[in-house]
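Structural characterization, general
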Amino acid sequence: MIGLKRPCAAACLLGLLILTSCSDREEDRAQRAERLFRRAWSMEMVNDSVGSKTEALEYLMEAAELGHAKAAYIAGQHILYIPPEYNTGEKFTVYTYRDALRLFQIAAKAGVEGATYGCGLACEKGEEYEEAFAWYVKAAEEGYLPAVYRVGICYLKGLGVPRSWEKGRAWLRRGAESGCAQSMFDLAVLYERGLGGEALPEEAERLYRESEKAGCMRAKLRRYFREKKDRLNERKQPAADQSLTTQRGIEGPAASASAGACLPSASARPLANLIL
């Protein structure tokens, strides 16, 4: 019996050594991936040159291949959003939306927030609209708010799904109720114009104000141009009245009537409440 125990003990010891070795290798991979990620991050923070950005992307790609989920997510964003001069291919690899999709999928499997939505963005950039729509719906079901907005836009534009003003309006309402500034603004446009349902001008104005408070730049620009147009109209009106008064004083009632006929009617003047 003693003779049988020794081989078993040796086998157990060998198995333990193998497991320890594998664990060490995994730890080494994780540490190397983290070092590469930190190196890429520091390069971007210190140097904004084309070479630095491109080399940082290479480090992120290497870290992603070693299983670093956050590096995969950021690398995917780089491929989608960095300017073309950062991805020239003269020294480094030129990446496509499919590379970005693969990276976002790595991040999504690890549970990185926004990675599923990134998969949709990558597919949309590659004009794979049906696949993009499916990813957006999945991200929306996960509770990612920008994806809810994007699903609504897909319905409004007919990207990867039959066009539907009603469904687009419903998805935008869902996003607006959750606090999405972009959803508020686009829903306000639909309400103002009566698209996908009845026109709700008062609710539209409220949503425009709420979207501006939430930081929507389009809402801020809309208010700016409306106020600018109002100021121009206010300046034009006194000038027209002054011209009419002058003509009346010089040429009499007949000239006054003629001058009044030349002025634009109220219905012909620019409407300040139109969307610019």
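Now for a quick tour of the structure. (Residues numbered from 1 in each chain as written. Predicted model: local features only at pLDDT ≥ 70, side-chain atom pairs only at ≥ 80, totals over all residues. Heavy atoms only, no water.)

Considerations on the environment of Leu103
If you trace the backbone, Leu103 turns up in helix H4 (residues 97–109). Residue classification places Leu103 among the buried residues on the basis of a relative accessible area of 0%. In the structure, Leu103 is positioned 16 residues away from Cys119 in sequence and 8.5 Å away in space, judged by C-alpha atoms. Each residue touching Leu103, except ones within four places of it in the same chain, is listed here: Met61, Ala64, Ala72, Ala75, Gly76 and Ile79. (Helix = DSSP H or I, 4+ residues; strand = E, 2+ residues; numbered from the N terminus. Buried < 20%, exposed > 50% of the residue type's maximum accessible area, 1.4 Å probe, protein only. Contact = heavy atoms within 4.5 Å.)

Observations regarding the side chain of Arg150
Tracing the chain through its elements places Arg150 in helix H7 (residues 145–157). Within the local environment of Arg150, its side chain forms a polar contact with the side chain of Glu124, the two groups lying 2.6 Å apart. Setting aside residues no more than four positions away along its own chain, Arg150 makes contact with Tyr117, Glu124, Tyr136 and Leu159. (Polar contact = N/O pair within 3.5 Å; in protein donor to acceptor, adjacent residues only side chain to side chain.)

A closer look at the side chain of Ser164
Note that Ser164 resides in the loop between H7 and helix H8 (165–177). When near neighbours in sequence (up to four residues on either side) are disregarded, Ser164 contacts Tyr155 and Leu156.

Observations concerning the packing of aromatic side chains
Here the structure, examined in full by the defined rule, presents six aromatic pairs. Both rings, one in Tyr73 and one in Phe104, keep their centres 5.7 Å apart while their planes meet at 70 degrees; by these two values the pair is edge-to-face. Here Tyr73 is found in helix H3 (residues 69–81), whereas its partner Phe104 is found in helix H4, with 31 residues between them in sequence. The class for Tyr73 is buried, based on a relative accessible area of 15%. Geometrically, the ring pair formed by Phe133 and Tyr155 is edge-to-face, given 5.4 Å between the ring centres and 85 degrees between the ring planes. Here Tyr155 lies in helix H7 and Phe133 lies in helix H6 (residues 129–141), a separation of 22 residues in the sequence. The exposure classification of Phe133 matches that of Tyr155, with both residues buried. (Phe/Tyr/Trp six-rings, centres within 6.5 Å; stacked < 30°, edge-to-face > 60°.)

Observations regarding the packing of helix H5 (residues 115–125) against H6
At a minimum axis distance of 8 Å, the contact between H5 and H6 shows a crossing angle of 165 degrees. Taken together, the axes of H5 and H6 are roughly antiparallel relative to one another. Relative to H6, H5 is oriented so that their crossing is left-handed. Seen from H5, the contacting residues are Thr116, Tyr117, Cys119, Gly120, Leu121, Cys123 and Glu124; seen from H6, they are Tyr129, Glu131, Ala132, Trp135, Tyr136, Lys138 and Ala139. When the residues that make up the contact of H5 with H6 are grouped by side-chain class, the tally is nine nonpolar, two polar and three charged. (Axes fitted to C-alpha atoms, helices over the stretch in contact; angles between N-to-C directions. Parallel < 35°, antiparallel > 145°, perpendicular 65-115°, else oblique. Left-handed = near helix turned anticlockwise from the far one by under 90°. Nonpolar A, V, L, I, M, F, W, Y, C, P; charged D, E, K, R; others polar.)

Section: unusual backbone geometry
We note that Glu127 has phi near 60 degrees; this positive angle belongs to a residue other than glycine. Tracing the backbone through its elements, the reader meets Glu127 in the loop between H5 and H6. Taking the relative accessible area as the measure of exposure, Glu127 reaches 58% and is therefore exposed.

Observations concerning the pattern of salt bridges
Here the idea is simple: oppositely charged side chains can pair when their charged atoms come close. By the definition in use, this model includes 13 salt bridges. A salt bridge links Arg218 to Asp186; the shortest N-O distance between them is 2.9 Å. Note that Arg218 is positioned in helix H11 (residues 217–251) and Asp186 in helix H9 (residues 181–193), a separation of 32 residues in sequence. For Glu192, the salt bridge is made with Arg222, and the minimal N-O distance between the two is 3.8 Å. With a gap of 30 residues between them, Glu192 in helix H9 and Arg222 in helix H11 connect regions that are remote in the sequence. Take Glu192: its relative accessible area is 23%, and that puts it in the partly exposed class. (Salt bridge = Lys/Arg side-chain N within 4 Å of Asp/Glu carboxyl O.)

Considerations on H8
A rise of 1.5 Å per residue sets the reference length of H8, with its 13 residues, at 18 Å; its end C-alpha atoms lie 18 Å apart and thus fit the reference within 8%. Of the positions making up H8, those classed as buried are Gly168, Arg169, Trp171, Leu172, Gly175 and Ala176. On an axial view of H8, the arc spanned by its buried residues comes to 165 degrees, and they lie on one face. The exposed residues of H8 that point more than 90 degrees off its buried face are Glu166 and Glu177. In this structure, the buried residues of H8 make contact with H6, H7 and H9. (Expected span 1.5 Å × (residues − 1). Arc of directions from axis to C-beta.)

Regarding a nonpolar patch on the surface
Taken together, the side chains of Met217, Leu221, Tyr224 and Phe225 make up a nonpolar region of the molecular surface, amounting to roughly 390 Å² of accessible area. On the basis of relative accessible area, Tyr224 is assigned to the partly exposed category, the value being 42%. (Patch = residues over 30% accessible without salt bridge, like charges linked within 9 Å, V, L, I, M, F, W, Y side chains within 5 Å. Areas by Shrake-Rupley, 256 points an atom, 1.4 Å probe, with all protein chains shown as cover.)

Spatial relationships are all this shows, so hold off on functional conclusions.
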